[in-house]
Amino acid sequence: MSAKASTINNGIAALLPRLRRFARVVVLQREDADDLVQIAVQRALARSAQWDANTRLDSWIFRIMRNVWNDELRSPTRRDQSFMPDEAGEHGDETADARRQRLTVEKAVRMLSEEHRMVVALVLVDGMPYKEAASVLGIPLGTLSGRLARARAALQEILSDQKRTAI
């Protein structure tokens, strides 16, 4: 195995939790999120010769994930298919309050538009720098900043509305 292939394999393995977290925020169905990660990793490994070692591996594979989402997983034939069972015990050790809070935030994020979910997933959930997130999404930095500001405002509004209705 070449040094480049080893770097890509090890890098992708290290990125799996981030890739999965991103997919879970962007894609509404858990099974489709897992499929998105799998297809993106397969595509990255198959096209590893296209990766330039002078660029960030995470940005490259996040762009692949975005393209997979745009090209394949949005298709109407895939929307209602489920391929994998829910994972048992994924959040098994959280308290009832923590679970309630997590579910409330997840519900609020799912109510955002797709473009807002993407910026939230990259910047707020994954912690990616604005410049890198803009590159991954193929948009100018100012557009990313604007989308993020609108997404944050929408999340605040949704969460405030949920809190008011719970009282």
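Residues numbered from 1 in each chain as written. Predicted model: local features only at pLDDT ≥ 70, side-chain atom pairs only at ≥ 80, totals over all residues. Heavy atoms only, no water.

(A) Representation of the confidence of the model for the protein chain in the model. On average, residues of the protein chain score 83 in pLDDT, and 85% of them reach the 70 mark or higher. Across residues 78-89 the pLDDT falls below 50, and counting only partners more than four positions away or on other chains, this stretch makes 21 contacts in the model. (pLDDT = per-residue confidence, 0-100. Contact = heavy atoms within 4.5 Å.)

(B) A look at the packing of helix α6 (residues 114-125) against helix α7 (residues 130-137). At a closest axis distance of 9 Å, the pairing of α6 and α7 adopts a crossing angle of 140°. It follows that α6 is oblique to α7 by the angle criterion. The interaxial crossing formed by α6 with α7 has right-handed handedness. Along the contact surface, α6 presents Met 118, Val 119, Leu 122 and Val 123, while α7 presents Tyr 130, Ala 133, Val 136 and Leu 137. Residue classes in the contact of α6 with α7 are distributed as eight nonpolar, no polar and no charged. (Axes fitted to C-alpha atoms, helices over the stretch in contact; angles between N-to-C directions. Helix = DSSP H or I, 4+ residues; strand = E, 2+ residues; numbered from the N terminus. Parallel < 35°, antiparallel > 145°, perpendicular 65-115°, else oblique. Left-handed = near helix turned anticlockwise from the far one by under 90°. Nonpolar A, V, L, I, M, F, W, Y, C, P; charged D, E, K, R; others polar.)

(C) A look at helix α2 (residues 30-46). In this model, α2 (17 residues) spans 24 Å end to end at C-alpha, consistent with the 24 Å of a helix rising 1.5 Å per residue. Burial analysis of α2 places twelve of its 17 residues in the buried class, the great majority of the element. All of the buried residues in α2 are Glu 31, Asp 32, Ala 33, Asp 34, Asp 35, Leu 36, Val 37, Ile 39, Ala 40, Val 41, Arg 43 and Ala 44. (Expected span 1.5 Å × (residues − 1). Buried < 20%, exposed > 50% of the residue type's maximum accessible area, 1.4 Å probe, protein only.)

(D) Local environment of the side chain of Glu 132. With respect to the helices and strands, the residue Glu 132 is situated in helix α7. When its relative accessible area of 19% is taken as the criterion, Glu 132 is described as buried. Excluding anything up to four places from it in sequence, Glu 132 contacts Arg 56 and Ser 59.

(E) View of helix α5 (residues 96-110). In this model α5 runs 21 Å from its N-terminal to its C-terminal C-alpha over 15 residues, within 8% of the 21 Å that 1.5 Å per residue would give. Buried within α5 we find Arg 102, Ala 108 and Val 109. Looking straight down α5, one finds its buried side chains confined to an arc of 125°; they lie on one side. Seen from the buried face of α5, the exposed residues on the opposite side, beyond 90 degrees, are Ala 96, Arg 100 and Lys 107. (Arc of directions from axis to C-beta.)

(F) Representation of the pattern of salt bridges within the structure. Taken as a whole and judged by the stated rule, the model has ten salt bridges. Residue Arg 21 is joined to Asp 126 by a salt bridge in which the shortest nitrogen-to-oxygen separation is 3.2 Å. Pair noted here: Arg 21 is in helix α1 (residues 3-26) and Asp 126 is in the loop between α6 and α7, with a separation of 105 residues, a long-range link. With a relative accessible area of 36%, Arg 21 lands in the partly exposed category. With relative accessibility at 11%, the residue Asp 126 sits in the buried group. We note a salt bridge from Arg 102 to Glu 106, for which the minimum N-O separation is 3.0 Å. (Salt bridge = Lys/Arg side-chain N within 4 Å of Asp/Glu carboxyl O.)

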